[in-house]
Amino acid sequence: KNYEFSDLDFSMLEKYKVFLRKKNVADSTLHLRFRTIRSLYNMAIKEGVTRLENYPFNKFKVSQFKLESKPRAISVEDVEKIKNLELKEGLSLFRTRQYFLFSVYGAGINFTDMAFLKWENIKDGRIEYIRSKTGKQIDFKILQPVQEILDYWKPLTFKSSEDYVFNILNKRIHITPVQKDNRIHKVIKSTNKDLKEIGKLAGIETHLTTYVAR
């Protein structure tokens, strides 16, 4: 649906906030999204597309969303505990550990970019991809732990270079951006649930999430 800038009032922003909260979107992401909307609105005012008197951000404060003040991280020793866990191959905990370790040793690749990663992104011992959030090109060397994970998945997912590395997305099922986004959020939720169990099994006090891996 198309909206006028005048439609984007305090009430609509509040409804959008509630909608995102129900999807368990983090405050840092909420801050980014509403800051982006505010920037677009400011540009629209400067270009005469809308009027200053319609500006909703005098009342709707982007500063209400708390930013992550302290990075969540774990020690190298805890990563080793996760690596050394006896987990049955093929189970969700096994896959979750691979996602986690791939991010740890893959230059902090985030879950969405990992989901979109294709075999064609792997070239000459390096992984190259465009960061979905910023559009920035990322290029990092494949370390041995990452290579071991790639070696595990290649027989399972590789038919052509255009196939996804991981089975998070299915190109025959997840076609539209909305379908892809919904699928990724669903897998992130189940992955974080599995990581909580992995943390217990490994005796790690830190609350493990996909963000911690980064």
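In case you missed it, the structure is sitting above this.
No experiment lies behind these values; they were computed from the predicted model shown.

Engineer: Teacher, can you tell me more about the pattern of salt bridges here?
Structural biologist: For side chains bearing opposite charge, pairing can occur when the charged atoms are close. Scanning the model with the defined rule gives 9 salt bridges in all. Residues Glu14 and Lys17 are paired through a salt bridge, measuring 3.3 Å at the closest nitrogen-oxygen approach. Note that Glu14 and Lys17 are positioned in helix 1 (residues 10-22) at a spacing of 3 residues, about one turn of the helix. Residue class for Glu14 comes out partly exposed when judged on its relative accessible area of 23%. For Lys17, a relative accessible area of 14% corresponds to the buried category. When the shortest N-O distance is used, the salt bridge between Asp78 and Lys81 registers 3.7 Å.

Engineer: Is there a simple way to explain unusual backbone geometry in this structure?
Structural biologist: Keep in mind that most residues, glycine aside, have a negative phi and that most peptide bonds are trans. At Asn24, a position not held by glycine, the phi torsion is positive, near 60°. Residue position: Asn24 is located in the loop between helix 1 and helix 2 (27-46). Owing to a relative accessible area of 60%, Asn24 belongs among the exposed residues under this scheme. You will see that Ala107, though not glycine, has its phi angle at about 60°, which is positive. Summarising the element assignment, Ala107 is placed in the loop between helix 4 (92-105) and helix 5 (111-116).

Engineer: Where do I start with the side chain of Asn110 in this structure?
Structural biologist: Residue placement: Asn110 occurs in the loop between helix 4 and helix 5. Other than its neighbours up to four places away in sequence, Asn110 contacts Arg131 and Arg214.

Engineer: Is there a simple way to think about the nonpolar core in this case?
Structural biologist: Soluble globular proteins tend to pack their nonpolar side chains together in the buried interior. Ile82, Phe100, Phe102, Phe111, Ile127, Phe166 and Leu208 are the most contacted members of the largest nonpolar core, which totals 42 residues. At the level of secondary structure, the elements contributing two or more residues to this core comprise helix 3 (76-83), helix 4, helix 5, strand 2 (126-130), strand 3 (137-141), helix 6 (144-157), helix 7 (177-202) and helix 8 (210-213). It is helix 4 that contributes the most residues to this core, 7 residues altogether. If sequence neighbours within four positions are ignored, Phe102 has contacts with Ile109, Met114, Leu117, Ile127, Val146, Ile149, Leu150 and Phe166.

Engineer: Help me understand the packing of helix 1 against helix 2, please; the structure alone is not making it clear to me.
Structural biologist: The relative placement of two packed helices is expressed as an angle between their axes plus a distance between the axes. Relative orientation of the contacting elements helix 1 and helix 2 amounts to 150°, with a least axis distance of 11 Å. As judged from the angle between their axes, helix 1 and helix 2 are roughly antiparallel. Taken as a pair, helix 1 and helix 2 cross one another with a handedness that is right-handed. Residues Leu13, Tyr16, Lys17, Leu20 and Arg21 of helix 1 form the contact with helix 2, whose participating residues are Asp27, Leu30, Arg33, Phe34 and Ile37. Classifying every residue of the contact of helix 1 with helix 2 by side-chain character gives 6 nonpolar, no polar and 4 charged.

Rules behind the numbers
Residues numbered from 1 in each chain as written. Predicted model: local features only at pLDDT ≥ 70, side-chain atom pairs only at ≥ 80, totals over all residues. Heavy atoms only, no water. Salt bridge = Lys/Arg side-chain N within 4 Å of Asp/Glu carboxyl O. Helix = DSSP H or I, 4+ residues; strand = E, 2+ residues; numbered from the N terminus. Buried < 20%, exposed > 50% of the residue type's maximum accessible area, 1.4 Å probe, protein only. Contact = heavy atoms within 4.5 Å. Core = buried A, V, L, I, M, F, W, Y, C linked by side-chain atoms within 4.5 Å. Axes fitted to C-alpha atoms, helices over the stretch in contact; angles between N-to-C directions. Parallel < 35°, antiparallel > 145°, perpendicular 65-115°, else oblique. Left-handed = near helix turned anticlockwise from the far one by under 90°. Nonpolar A, V, L, I, M, F, W, Y, C, P; charged D, E, K, R; others polar.

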